[in-house]
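As a plain string of letters, each chain reads:
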Amino acid sequence: MLDTRLTGRTVLITGSAQGLGAALVRAFHAEGARIVAVDVDEAGNRALARELDPQGERVLPLRADLRDLDAVAGVCRAAEAWSPVDVLVNNAARPLAKSLWETTPEEWDDVFAVNLRAAFFLTRAVATGMRERGFGRVVNMASIAGQTARPTGAAYGSSKAALIALTRVFATELAPHGITVNAVSPAMVDTPMVRSIDADALAQLTAQVPLGRIATPDEVARLCLFLCSADSFITGATYDINGGALMR
Ligand SMILES: NC(=O)c1ccc[n+]([C@@H]2O[C@H](COP(=O)([O-])OP(=O)(O)OC[C@H]3O[C@@H](n4cnc5c(N)ncnc54)[C@H](O)[C@@H]3O)[C@@H](O)[C@H]2O)c1
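Below you will find a few notes about this structure. No experiment lies behind these values; they were computed from the predicted model shown.

What counts and how
- Residues numbered from 1 in each chain as written.
- Predicted model: local features only at pLDDT ≥ 70, side-chain atom pairs only at ≥ 80, totals over all residues.
- Heavy atoms only, no water.
- Helix = DSSP H or I, 4+ residues; strand = E, 2+ residues; numbered from the N terminus.
- Rg over C-alpha atoms; globule rule 2.2 N^0.38 Å.
- Buried < 20%, exposed > 50% of the residue type's maximum accessible area, 1.4 Å probe, protein only.
- Contact = heavy atoms within 4.5 Å.
- Expected span 1.5 Å × (residues − 1).
- Arc of directions from axis to C-beta.
- Polar contact = N/O pair within 3.5 Å; in protein donor to acceptor, adjacent residues only side chain to side chain.
- Salt bridge = Lys/Arg side-chain N within 4 Å of Asp/Glu carboxyl O.

### Some remarks on the overall build of the protein
Piece 1. A tally of helices and strands in the protein yields eight helices and seven strands.
Piece 2. Computed over C-alpha atoms, the radius of gyration of the protein comes to 17 Å, within 12% of the 18 Å expected from 2.2 N^0.38 for 248 residues, which places it in the range of a compact globule.
Piece 3. Taking the principal axes of its C-alpha atoms as reference, the protein extends roughly 45 × 40 × 40 Å.
Piece 4. The burial tally for the protein puts 53% of its 248 residues in the buried class.
Piece 5. Pairs at least 24 residues apart make up 74% of the contacts formed inside the protein by residues separated by at least 6 positions.

### What about helix 3 (residues 69-82)?
Piece 1. Over its 14 residues, helix 3 extends 20 Å from the first C-alpha to the last, a length consistent with the 20 Å expected when each residue adds 1.5 Å.
Piece 2. All of the buried residues in helix 3 are V72, V75, C76 and A79. Buried residues of helix 3 fall within an arc of 95° about the axis and therefore sit on the same side. Residues of helix 3 that are exposed and point over 90 degrees away from its buried face: D70, R77 and A81.
Piece 3. Looking at the packing, one finds that the buried side of helix 3 touches strand 1 (10-14), strand 2 (34-39), strand 3 (59-63) and helix 4 (105-133).
Piece 4. By the N-cap criterion, in which a side-chain oxygen at the helix start approaches the backbone nitrogen of a residue two or three places on, helix 3 is capped by D68, the distance to D70 being 2.9 Å.

### Description of the pattern of salt bridges
Piece 1. Summed over the entire model, instances satisfying the criterion amount to 10 salt bridges.
Piece 2. Measuring nitrogen to oxygen at the nearest pair gives 3.1 Å for the salt bridge that ties R67 to D110. Here R67 is found in the loop between strand 3 and helix 3, whereas its partner D110 is found in helix 4, with 43 residues between them in sequence.
Piece 3. With a closest N to O distance of 2.7 Å, R213 and E219 form a salt bridge.
Piece 4. Overall, R213 belongs to the partly exposed group, its relative accessible area being 42%.
Piece 5. For E219, a relative accessible area of 23% puts it in the partly exposed group.
Piece 6. Through salt bridges with shared partners, a single ionic network connects D65, R67, R94 and D110.

Here it is as structure tokens:
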């Protein structure tokens, strides 16, 4: 059995109110971790925290719009004051399925602000304490859209490709301090983001997956638990979890 030894660790998860983020909160909570759950959706985030932790002891829901750097800094201050952060999962994302002809400058900036800039500044902020304590785990939620060409993925795909590059740079800079940084790259996962895709398009995409189905959020969460385990010797890696949709 995998011993993740996350009991007593504090894990900050962004995009925690639904989908994959909510599955991550549940998975880390089940491992005994303390969770700082960060989302712009305050109601969804609070509901999940209340369900898992009615006493408010092990889950701290924080509302923040990660496009706002002051909010990012505020989240880090509030989290560290509650409990020093050992693990960070940069999971929040702004999806955008628009071609290069349709994407507006505002949409481009929004996508990069959530998907890349917030991950950069959150990591840097929590890495300060991790460096002092000589231990840290960071997981960046990438996407197959950052590894392959998709017709409507100009901003989203390039933000995820950049997140994979950022993962390697951070892994290199933070390795001497006992901090690992890895990316997890799903294809399609059964979340509200995917359920919003037109049914025919979804069926077509699913047919291209060698394993014949899309991933469950729990499958992706389990991979993240593994990468965040205390003994992990893995850093700077991008883990594909795509049912064989991309083999490289
Ligand atoms: N679902 C998939 O098929 C899939 C595939 C590949 C990668 N991913 C990646 O997995 C991660 C989670 O995806 P999901 O499907 O659960 O997404 P989702 O859209 O269901 O949930 C994303 C969460 O992020 C939050 N969020 C969005 N913008 C925010 C902001 N500005 N500030 C704070 N919170 C914000 C949303 O409120 C939401 O709770 C994302 O990084 C996504 O790119 C998902």
